[in-house]
Amino acid sequence: MSFSSLGLSAPLLKAVAEQQYTQPYPIQQEAIPAILKGKDVLGIAKTGSGKTAGFVLPLLEKLQNTPQSRNRYINTLVLVPTRELAVQVAEVFKGLSSHLPRRIKTLAIYGGVSINPQMMVLSGTEVLVATPGRLLDLLSSKAVHLSEVETLVLDEADKMLNLGFEEEVNKILSLLPAKRQNILFSATLGNEIEQLIKGQLHEPVRIEIQEEAQPLEQIKQLAYLVTPERKGPLLRYLIRQGNMPQVLVFVSATRTADNLVAKLTKNGIEAAAMHSKKSQGARTEALNRFKSGKLPVLVATDLVSRGIDIQQLPYVINYDLPRSPKDYIHRIGRTGRAEATGEAISLLTPDDRHHFRIIQKKMGRQVEILETNDLDLQGS
Ligand code: AMP
């Protein structure tokens, strides 16, 4: 199947080709025609499935054929759980709309940064990608209006509820016109999501993508057994000996992240940390530098393991093992994305071995574990 058979017009096909999307992913094959028809959509899919382009492309197509909305009256509202996802989704809107004859303004708004600059650039926005709290702030100061919203997208709805945004989301829903198109994406479908869907989605087209096994196949997994005090030297040894051009390193605590960055830097390996105690500005800067290839090592807590799409990332290292097998899969899913292969390496202390067995069992995969006692890490 090709993108041209999905009902998208030439400027969007051109943008798709520019992104080097050769053929639509399964979720796109189903979501694009359904959204173009104006149907509500319930998508059970994770990041990595191509869900973003799955809703962005048909929504841009529809916006092209809709008169420009009144100033500060949003046409398309995308609610997302995190700032990072807001920025990322807005970028997909911008990238895919680059050839459209009518300019469609997309804006990402999120908390943790000062509100004034966001208010100043709101004018003319047709697509607003927002985290719930910041949107409510803007609504209460009447900087935007939702009474003419035609389409609502709830992206990563399960995460939104997990992060405790239920009240905010319900408040926002109550401000939307009853007649609108609804698109909801969630990685899982629990009771709370069912509750949220009830009364909101009307006869939705249900799309379920089972993609967990598929990406795992694209990822080479490896583990090294190491004593806690040799973890730092081993990390540096792996980065150097493996000639790793770029690596995302996961740790379990913000303190470890900062310490590790200090050690790497001291040993001549450029690195930055990304965790919840960093300011939004520092987080965005680190991520942007990493994404553009300028920063070779990003050390992160699980904050970035979901939702953040870094194209073609070749290496992920679990410096600390995550608690849940689910987090392990999310973390290693940062590599080997979109048909690229990647390598995921875990550093295991003797205490981690039992837990790693559980992770392997849950994942249904055996991972080769290498001893490192004989490795000379002096000078690493
Ligand atoms: P998402 O699940 O929306 O976060 O997308 C995951 C990744 O897949 C992103 O890097 C997209 O750029 C990429 N992608 C989306 N659709 C396609 C496609 N049809 N062909 C190749 N890559 C794609």
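In this report, the structure presented in the accompanying data block is examined. All residue numbers refer to position in the chain's written sequence, counted from 1. Restriction of local features to residues with pLDDT of at least 70 applies here, the model being predicted, together with a cutoff of 80 or more for giving and counting side-chain atom pairs; totals for whole chains, interfaces and linings are based on all residues. Calculation of side-chain values draws on the structure's entire complement of heavy atoms; hydrogens and water are dropped beforehand.

## Comments concerning the sheet that holds strand E11 (residues 297–300)
Strand order across the open sheet formed by 7 strands is E10-E11-E9-E12-E13-E8-E14, with parallel pairing between neighbours. For this open sheet the edge positions go to strand E10 (271–274) and strand E14 (368–371), each flanked by a neighbour on one side alone. Averaged over all pairs of adjacent strands, the angle between strand axes in this sheet comes to 20 degrees, irrespective of strand direction. Paired strands, in this sense, are two strands between which DSSP finds at least two bridges. Numbering of helices and strands runs from the N terminus, with a helix taken as a DSSP run of H or I at least four residues long and a strand as a DSSP run of E at least two residues long. Across 4 bridges, E10 lies against E11 in parallel orientation. Bridge pairing in E11 places Ala 271 opposite Val 297. Here a residue-residue contact requires only that any non-hydrogen atoms of the pair lie within 4.5 Å. Axes here mean lines fitted to C-alpha atoms, for a helix over just the part in contact, with angles spanning 0 to 180 degrees between N-to-C directions. The strands touched by helix H11 (residues 231–241) within the sheet are strand E8 (219–225), strand E9 (247–250), E11, strand E12 (315–318) and strand E13 (342–348), with E13 carrying the most contacts at an inclination of about 160 degrees.

## Considering the pattern of salt bridges
The salt bridge criterion pairs a side-chain nitrogen of Lys or Arg with a carboxyl oxygen of Asp or Glu, the two atoms within 4 Å. The tally for this structure, following the rule as stated, stands at 10 salt bridges. Ionic pairing is found between Lys 231 and Asp 320, a salt bridge with its closest N-O pair at 2.9 Å. Remark: Asp 320 occurs in the loop between E12 and helix H14 (325–332) and Lys 231 occurs in helix H11; sequence separation between them is 89 residues. Residue Lys 231 shares its accessibility class with Asp 320, and that shared class is buried. Note that Glu 270 and Arg 289 form a salt bridge whose closest N and O atoms lie 2.5 Å from each other. You can see Glu 270 sitting in the loop between helix H12 (254–266) and E10 and its partner Arg 289 sitting in helix H13 (residues 280–291), a full 19 residues away along the chain. With a relative accessible area of 40%, Glu 270 lands in the partly exposed category. Overlapping salt bridges, with partners in common, bring together Lys 51, Asp 155 and Glu 156 in one network. Three labels apply to residues, based on accessible area from a 1.4 Å probe with only protein chains included: buried if under 20% of the type maximum, exposed if over 50%, partly exposed otherwise in between.

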